[in-house]
Amino acid sequence: MMFELKDVTRRFGNKLAVDAVTLTIPQGQMVGIIGRSGAGKSTLLRMINRLQEPSSGSIHFAGVEVSGLRGRALRNWQRDCAMIFQQFNLVPRLDVLTNVMLGRLNHRSTLLSLLNIFTREERVHAIAALERLGIEQTALQPAGTLSGGQQQRVAIARALMQNPKMVLADEPIASLDPLNAKIVMDALRDINEREGITVITNLHTLDTARNYCERIVGMAGGRVVFDGKPSELTAEAVKAIYGTDKDGAGIDETMTSTSITIAAERADNQSAGAQPLALAGL
Ligand SMILES: Nc1ncnc2c1ncn2[C@@H]1O[C@H](COP(=O)(O)OP(=O)(O)OP(=O)(O)O)[C@@H](O)[C@H]1O
């Protein structure tokens with residue numbers, strides 16, 4: 001199953017946000033997209049998921065033209081490529097378990113969804129997803145009361161509930177401290193390796209992309225200026241991606257510096273004692 005972007009372009013007025021991007025991504029790859037702020041990374045991801053429409057170009061998955069899908073077929077595609085955001089996008093006042101089960105929305109009838117009725121099977125599936133992310137003990141808390149790292153793990157659990165073929169993560173660790181950033185990146189790597197789910201993630205920092213991604217796509221001014229393995233990312237390639245600022249001062253440290261430095265045990269993994277299945281009324 002190949003995923004292909006051909007000459008995908010997006011304009012906002014006169015601004016060319018994404019400029020003729022062509023990429024072929026085999027199923028199961030972990031791809032990091034890097035570039036300066038404004039390089040077009042978010043717009044590119046949003047076009048894949050059809051949150052934004054390309055101005056021109058085409059997107060194909062397993063031979064099907066994604067850019068032409070409508071109605072149910074479009075909803076199925078949006079289920080197949082689950083999206084994770086920097087700001088988590090959970091419903092803060094709803095409990096964690098319900099937030100995770102909302103990942104099933106595109107699988108179920110509108111009536112059941114409207115009534116917020118979930119089956120036992122869906123609950124078991126949701127608890128299993130939370131356990132996998134090490135946060136099952138939070139199942140009954142309002143999502144808004146969790147730490148940022150925990151909320152992002154809830155968002156990943158919700159994505160897993162969609163049984164996606166692809167996970168699109170738009171700067172998933174930009175709001176997190178280093179330890180939680182590591183936990184979230186490890187979780188993305190784990191679902192990539194264990195389930196063979198393609199992961200395409202926008203990342204602010206170069207070293208995170210180097211550490212986690214087998215393939216790095218560098219964008220500048222809407223165009224792909226680098227596409228290769230981390231080992232191929234030479235100083236020259238880094239310069240092409242991040243450029244130099246207008247005073248010629250070179251690459252800003254905040255763009256490339258270490259955001260994940262902690263290889264410690266999970267500090268906030270406190271699963272002891274809780275019985276989430278019982279808590280969830282199962
Ligand atoms: N809805 C919009 N309307 C107008 N311009 C937009 C819109 N969305 C993005 N742009 C512009 O398109 C360009 C690319 O934006 P995009 O958010 O894709 O970049 P990015 O690389 O993801 O940056 P960041 O890391 O800051 O999110 C920017 O110049 C941005 O201002």
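Reading the values: the criteria
- Residues numbered from 1 in each chain as written.
- Predicted model: local features only at pLDDT ≥ 70, side-chain atom pairs only at ≥ 80, totals over all residues.
- Heavy atoms only, no water.
- Salt bridge = Lys/Arg side-chain N within 4 Å of Asp/Glu carboxyl O.
- Helix = DSSP H or I, 4+ residues; strand = E, 2+ residues; numbered from the N terminus.
- Buried < 20%, exposed > 50% of the residue type's maximum accessible area, 1.4 Å probe, protein only.
- Core = buried A, V, L, I, M, F, W, Y, C linked by side-chain atoms within 4.5 Å.
- Contact = heavy atoms within 4.5 Å.
- Near = heavy atom within 4 Å.
- Polar contact = N/O pair within 3.5 Å; in protein donor to acceptor, adjacent residues only side chain to side chain.
- Nonpolar A, V, L, I, M, F, W, Y, C, P; charged D, E, K, R; others polar.
- pLDDT = per-residue confidence, 0-100.
- Axes fitted to C-alpha atoms, helices over the stretch in contact; angles between N-to-C directions.
- Parallel < 35°, antiparallel > 145°, perpendicular 65-115°, else oblique.
- Left-handed = near helix turned anticlockwise from the far one by under 90°.

1. Considering the pattern of salt bridges
In total, this model carries 10 salt bridges according to the counting rule given. A salt bridge links Arg 189 to Asp 186; its shortest N-O distance comes to 3.7 Å. Of this pair, Arg 189 and Asp 186 both sit in helix H7 (residues 178-195), 3 residues apart, roughly one helical turn. We classify Arg 189 as partly exposed; its relative accessible area is 28%. With relative accessibility at 22%, the residue Asp 186 sits in the partly exposed group. The salt bridge partner of Arg 194 is Asp 190, with a shortest N-O separation of 3.7 Å. Of this pair, Arg 194 and Asp 190 both sit in helix H7, 4 residues apart, which is roughly one turn of that helix. Overlapping salt bridges, with partners in common, bring together Arg 132, Asp 190, Arg 194 and Glu 195 in one network.

2. Things to note about the nonpolar core
Counting residues in each nonpolar core, the largest one holds 51 residues, and the members touching the most others are Ile 34, Val 100, Leu 130, Ile 156, Leu 188 and Leu 233. A total of 7 residues in this core trace back to one element, the largest contributor, which is helix H6 (residues 148-161). Sequence-distant contacts of Leu 188, that is, excluding residues within four places in its chain, are made with Met 30, Ile 84, Ile 156, Val 167, Ala 169, Pro 172 and Val 199.

3. Side note on the environment of Arg 11
Position of Arg 11 among the secondary structure elements: in strand E1 (residues 2-12). Sequence-wise, Arg 11 and Glu 53 are 42 residues apart; in three dimensions their C-alpha atoms are separated by 9.9 Å. With residues near it in sequence (within four places) discarded, Arg 11 still touches Leu 16 and Ser 55.

4. Let's talk about the site of the ligand
All residues in the neighbourhood of the ligand are listed as Phe 12, Lys 15, Ala 17, Arg 36, Ser 37, Gly 38, Ala 39, Gly 40, Lys 41, Ser 42, Thr 43 and Glu 171. Contact distances for the ligand include 2.7 Å between an oxygen atom and a backbone N or O atom of Gly 38. At 2.5 Å, a side-chain N or O of Thr 43 approaches an oxygen atom of the ligand. Elements with a minimum of two residues in the shell around the ligand: strand E2 (15-26) and helix H1 (41-48). In terms of residues, the shell around the ligand owes the most to one element, H1, which gives 3 residues. Its residues assigned to classes, the shell around the ligand shows 3 nonpolar, 5 polar and 4 charged.

5. Things to note about the confidence of the model for the protein chain
Of the residues in the protein chain, 82% have a pLDDT of 70 or more, and the chain-wide mean is 85. The least confident element of the protein chain, judged by mean pLDDT, is helix H11 (residues 276-279) at 40; the most confident is strand E8 (residues 198-202) at 98. Contacts for the low-pLDDT stretch residues 261-282, under 50 throughout, to residues beyond four places or in other chains number 36 contacts.

6. Observations concerning the packing of H6 against H7
Geometrically, a packed helix pair is captured by the angle between its two axes and the distance between the axes. Where H6 contacts H7, the axes come no closer than 9 Å and their chain directions differ by 15°. Compared by their axis directions, H6 and H7 come out roughly parallel. Judged by the twist between their axes, the crossing of H6 over H7 is right-handed. On H7, the residues that touch Gly 149, Gln 152, Arg 153, Ile 156 and Leu 160 of H6 are Asn 180, Ile 183, Val 184, Ala 187, Leu 188 and Ile 191. In terms of residue class, the contact of H6 with H7 is made up of 7 nonpolar, 3 polar and 1 charged.

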